[in-house]
Amino acid sequence: MKKGWIIAISVTVFVIGLLVLLSFTLFSLKEVKVNYKTSFSVEVDEQQLIDSGDFAYKGSVFFHGKKKYIENIEKAYPKIKVINIETVFPSTFVIHIAERQEVYALYHNENYIICDNEFKVLRIASDFTSSQNSPILLEGVEIEDDITVGREIAITGYYDIYNSSLKSNRPLSSMQTIIKKISFSQIYDEVLLTYQPAVTFLLYDGQQYIIKNCGYGLDSKISLFYDVYSQIYTYIGQTVKIDGQEVILSEENLKNAAILIDNYYDYSQHDENDCYFNIVKLTNSDN
């Protein structure tokens with residue numbers, strides 16, 4: 001019986017030793033490749049990118065700290081996002097990368113901080129001219145003072161307009177073509193008798209869209225914004241109510257319209273997906 005236990009233990013030790021040996025031979029890291037998940041505006045030197053990861057070759061692929069490799073690459077290449085590092089057995093890593101997009105420009109300490117949607121600083125510019133297909137000017141948020149290219153900055157007062165737009169099948173190109181500036185603020189709600197977060201879109205055609213209570217049902221309100229924007233000019237020549245007064249809508253005064261998007265307050269009959277719009281002000285009324 002005792003001899004049987006010795007044999008069993010010996011076999012177990014042998015198997016474990018064999019697995020460890022295989023892990024550091026057959027499954028040792030020998031090759032790293034790069035896979036592009038998006039198109040890139042500039043050419044990437046793949047070998048330099050791989051070298052920046054500081055990979056520990058010959059170590060078992062089971063015991064690598066991939067998070068550190070990702071941090072090394074993204075520190076060396078601020079405009080690259082490492083989506084993940086895939087293990088392809090027995091001995092290969094594949095780095096899946098995408099190019100970070102310049103989404104927002106924030107004015108801070110006499111400079112413009114150009115960030116992606118995750119507020120990673122891509123570059124710092126001394127001047128900035130807002131134009132279609134350029135980063136969108138973002139105002140009304142607070143950011144930390146320690147600004148360094150290649151790292152994410154802490155930000156407060158922001159509601160995720162970017163991802164809500166994606167859910168409405170509106171990629172960054174659509175946002176940049178339409179929206180010139182995004183401003184967050186607090187608006188007094190006469191129904192709730194308190195201040196609520198709001199966001200204002202200043203469009204390139206001069207219109208303003210104000211989304212009240214943007215912390216509630218934002219996805220639906222963003223969807224409605226795009227729907228209204230695409231159809232609002234069909235109301236030209238029709239009689240509409242502006243702050244309770246009837247006016248005939250023209251193209252000229254619509255360019256300076258302030259359009260409010262809000263949710264219903266009867267929560268027993270409406271949920272956060274229910275919202276409506278109203279033209280609340282025309283800065284140049286043309287009756």
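Bear in mind that the values here come from a model prediction, so they are computed numbers and not experimental data.

Definitions and limits used
Residues numbered from 1 in each chain as written. Predicted model: local features only at pLDDT ≥ 70, side-chain atom pairs only at ≥ 80, totals over all residues. Heavy atoms only, no water. Helix = DSSP H or I, 4+ residues; strand = E, 2+ residues; numbered from the N terminus. Contact = heavy atoms within 4.5 Å. Buried < 20%, exposed > 50% of the residue type's maximum accessible area, 1.4 Å probe, protein only. Polar contact = N/O pair within 3.5 Å; in protein donor to acceptor, adjacent residues only side chain to side chain. Phe/Tyr/Trp six-rings, centres within 6.5 Å; stacked < 30°, edge-to-face > 60°. Pairing = 2+ DSSP bridges. Axes fitted to C-alpha atoms, helices over the stretch in contact; angles between N-to-C directions. Core = buried A, V, L, I, M, F, W, Y, C linked by side-chain atoms within 4.5 Å. Salt bridge = Lys/Arg side-chain N within 4 Å of Asp/Glu carboxyl O.

Colleague: How would you explain the environment of A98 if you had to name every residue and give the values?
Modeller: Looking at the element boundaries, A98 is found in strand β3 (residues 92-99). Between the C-alpha atom of A98 and that of S39, which follows or precedes it by 59 residues, the distance is 7.5 Å. A98 has contacts with T38, F40, K79, I80, K81 and I83, leaving out every residue within four places of it along the chain.

Colleague: How would you explain the environment of D127 if you had to name every residue and give the values?
Modeller: Looking at where D127 falls in the secondary structure, it is placed in the loop between β6 (121-125) and β7 (136-139). A relative accessible area of 58% places D127 in the exposed class. As a C-alpha pair, D127 and Y112 span 15 residues in sequence and 6.6 Å in three-dimensional space.

Colleague: Could you give an account of unusual backbone geometry, naming the residues involved and the relevant values?
Modeller: It is generally the case that most residues other than glycine have a negative phi and that most peptide bonds are trans. Residue P90 is reached from F89 by a cis peptide bond, and omega for that bond is 15°. With respect to the helices, strands and loops of the structure, P90 is situated in the loop between β2 (80-88) and β3. Backbone geometry at D54 places phi at a positive 55°, although glycine is not the residue there. When you line up the elements, D54 lands in the loop between α2 (46-52) and α3 (66-76). Assessed through its relative accessible area of 58%, D54 is described here as exposed.

Colleague: Kindly report on the side chain of N263, identifying the contributing residues and their values.
Modeller: For N263, the location among the structural elements is in strand β15 (residues 257-263). Here the side chain of N263 touches K221 through a polar contact of 2.7 Å, side chain to side chain. Setting aside residues up to four positions removed in sequence, N263 forms contacts with K212, N213, Y216, K221, D274, C275 and Y276.

Colleague: Break down α3 for me, citing the residues and quoting the values.
Modeller: Among all positions of α3, only Y69, N72, I73 and E74 are buried. Residues of α3 that are buried in the fold lie against α2, β2 and β3.

Colleague: Give me the packing of aromatic side chains: which residues, what numbers.
Modeller: Centre-to-centre distance and the angle between the planes together describe a pair of aromatic rings. Under the defined criterion, the tally for this structure stands at 19 aromatic pairs. Pairing Y36 with F40 gives two aromatic rings, centres 5.5 Å apart and planes at 80°, and the pair type is edge-to-face. Judged by centre distance (5.6 Å) and plane angle (75°), the rings of Y158 and F184 are edge-to-face. Remark: F184 occurs in strand β10 (residues 179-189) and Y158 occurs in the loop between β9 (155-156) and α4 (161-167); sequence separation between them is 26 residues. For Y158, a relative accessible area of 17% puts it in the buried group. On the basis of relative accessibility, which here comes to 7%, the residue F184 falls in the buried class.

Colleague: Which residues make up the sheet that holds strand β1 (residues 31-36), and what values do they have?
Modeller: Within the open sheet, the 3 strands sit side by side as β1-β3-β2. Their pairing is mixed. Edge positions in the sheet fall to β1 and β2, since each has one partner strand and no second. Taking each pair of neighbouring strands and ignoring which way they run, the sheet shows an average axis angle of 25°. Judged from the 8 bridges that link them, β2 and β3 form a sheet pairing that is antiparallel. Across the sheet, I80 pairs through a bridge with E99, a residue of β3. Sheet contacts for α3: β2 and β3; angle to β2, the most-contacted strand, approximately 145°.

Colleague: Outline the nonpolar core, listing residues and values.
Modeller: Y104, I161, I182 and F201 are the most contacted members of the largest nonpolar core, which has 45 residues in total. Ranked by residue count, the leading element in this core is helix α6 (residues 218-231), at 6 residues. Beyond its immediate sequence surroundings of up to four residues, I182 is in contact with Y104, I136, L137, L138, E139, I161, V199, T200 and F201. Counting residues in each nonpolar core, the second largest holds 16 residues, with V44, L49, F55 and I97 among its members.

Colleague: Just give me the short version of the pairing of β7, but keep the residues and values in it.
Modeller: Where strand β4 (residues 104-108) lies against β7, 2 bridges are found, and the strand directions are parallel. In the sheet register, A105 faces β7, and the bridge partner there is L137. Relative to β10, β7 runs parallel, the two being bridged by 3 bridges. Bridging across to β10, L137 finds its partner in K181.

Colleague: Describe the side chain of N213, with residues and values.
Modeller: Along the chain, N213 turns up in the loop between β12 (208-211) and α6. With sequence-adjacent residues up to four places away left out, N213 is seen in contact with Q196, P197, K221 and N263.

Colleague: So what about the pattern of salt bridges? Which residues, and what values?
Modeller: One pass over the structure, following the stated rule, counts 12 salt bridges. Two residues, E102 and K79, come together in a salt bridge whose shortest N-O distance is 3.6 Å. With E102 in the loop between β3 and β4 and K79 in the loop between α3 and β2, the pair connects residues that are 23 residues apart, well separated along the chain. Where salt bridges share partners, they join E74, K81, R100, D116, E118 and K120 into one cluster.

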